[in-house]
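Now for the letters of each chain:
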Amino acid sequence: MTTFDQMLTQNHTYAAQHTPRPGPAPVRRLALVTCMDARIDPVAAFGLAEGDAHILRNAGASITDDVLRSLAISQRRLGTAQIAIVLHTGCGMDGFDDEAFRAELNDAGGRQPTWDVPGFTDLDDQARRAVEAVRSCQWLPHRDDVQGYEFDVATGRLR
């Protein structure tokens, strides 16, 4: 059985027991930005249930234009008022060489992407910069209640 087959089989089990929620607004009025790293299970690690929060994931929990767009929709159309940004130890973006990666993509596809893939070298500094990027976004009506966290993939602890 392929991974896709397993996914579809699990979905059939889920769908048989699924009870739809009465709307798209998150119960906790929370938007969570975290890394796409498979070692992070935000629902289990942060005590969330289905429907509690909007969860946005990308490489390095980067505050990109797309993340800001999603947060603006989350706040202005779906009622979120708090934002948690969760970076983590052992992130693949720590020390990531954007220039070399862009050259690799150029070699593979004949042109460089229009987007950057910036890495970082200091997790604490990156968390502070991510929080500041959100707090300075004029499109977000709720910028005061933004918290930055670091998740330790070895211990499962959040700080």
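Each remark here, short or long, concerns the structure printed above.
Let me begin by describing the structure that accompanies this report. (Residues numbered from 1 in each chain as written. Predicted model: local features only at pLDDT ≥ 70, side-chain atom pairs only at ≥ 80, totals over all residues. Heavy atoms only, no water.)

**Description of the sheet that holds strand β1 (residues 30–35)**
Definition in use: One requirement defines pairing of two strands: DSSP has to find at least two bridges between them. Numbering of helices and strands runs from the N terminus, with a helix taken as a DSSP run of H or I at least four residues long and a strand as a DSSP run of E at least two residues long. All axes are obtained by fitting lines to C-alpha atoms, using only the stretch in contact for helices, and the reported angles, taken between N-to-C directions, cover 0 to 180 degrees.
If you trace the four strands from one edge of the open sheet to the other, you get β2-β1-β3-β4, paired in parallel fashion. At either margin of the open sheet sits one strand with a lone partner, and together these are β2 (53–58) and β4 (146–151). The average undirected angle you get between the axes of adjacent strands in this sheet is 20°. Pairing analysis gives five bridges linking β1 to strand β3 (residues 82–88), with the strands arranged parallel.

**Let's talk about the pattern of salt bridges**
Should the charged atoms of two oppositely charged side chains come close, the side chains can pair. Condition: Within this document, salt bridges are pairs made up of a side-chain nitrogen of Lys or Arg and a carboxyl oxygen of Asp or Glu, the two lying within 4 Å of each other. Partly exposed describes any residue whose relative accessible area lies between the buried limit of under 20% and the exposed limit of over 50%, with all areas from a 1.4 Å probe on protein chains only and scaled to the type maximum.
The final tally for this structure, using the stated rule, is seven salt bridges. Salt-bridge contacts for R39 lead to D37; the nearest nitrogen and oxygen are separated by 2.7 Å. Look at R39 and you get partly exposed, because its relative accessible area is 47%. For D37, a relative accessible area of 15% puts it in the buried group. Across the salt bridge formed by R159 and D124, the nearest N and O atoms sit 2.9 Å from each other. On the criterion of sequence distance, the pair formed by R159 in the segment after β4 and D124 in helix α5 (residues 123–135) is long-range, its members being 35 residues apart.

**Description of the environment of Q82**
As a reminder of what qualifies: By the convention used here, residues are in contact when the closest approach between their heavy atoms is within 4.5 Å. Distance and chemistry together define a polar contact, namely a pair of N or O atoms within 3.5 Å, with one atom able to donate a hydrogen and the other to accept it when in protein, and with adjacent residues in sequence counting only for side-chain atoms on both sides.
With respect to the helices and strands, Q82 occurs in strand β3. What makes Q82 partly exposed here is its relative accessible area of 33%. Considering only alpha carbons, one finds Q82 and D5, 77 residues apart in sequence, at a separation of 37 Å. Setting aside residues no more than four positions away along its own chain, Q82 makes contact with R28, R29, L30, A31 and D145. Of the polar contacts made by the side chain of Q82, one reaches the side chain of D145; its length is 2.9 Å.

**Some remarks on the state of the cysteines**
The line we're drawing: When two cysteine sulfur atoms are found within 2.5 Å, that pair is recorded as a disulfide.
In total, this model carries zero disulfides according to the counting rule given. Note on C35: no disulfide assigned, nearest cysteine sulfur contributed by C91 at a separation of 4.1 Å. On the accessibility criterion, C35 (4% relative accessible area) is buried.

**What to know about α5**
Side chains three or four residues apart in an α-helix point the same way, a direct result of the helix having 3.6 residues per turn. Rules: Helix span, expected: 1.5 Å multiplied by one less than the number of residues in the helix. Summarising the geometry, the arc corresponds to the directions from the helix axis toward the C-beta atoms.
Helix length check: α5 (13 residues) gives 18 Å between terminal C-alpha atoms against 18 Å at 1.5 Å per residue, within 8%. Considered for burial, the residues of α5 that qualify are L123, Q126, A127, A130, V131 and V134. Along α5, the residues classed as buried sweep out an arc of 135° about the axis, all on the same side. In this structure, the buried residues of α5 make contact with α3 (65–78), β3 and β4. You can read the cap of α5 off the contacts: a side-chain oxygen lies 3.0 Å from the backbone nitrogen of D124, and it is on D122.

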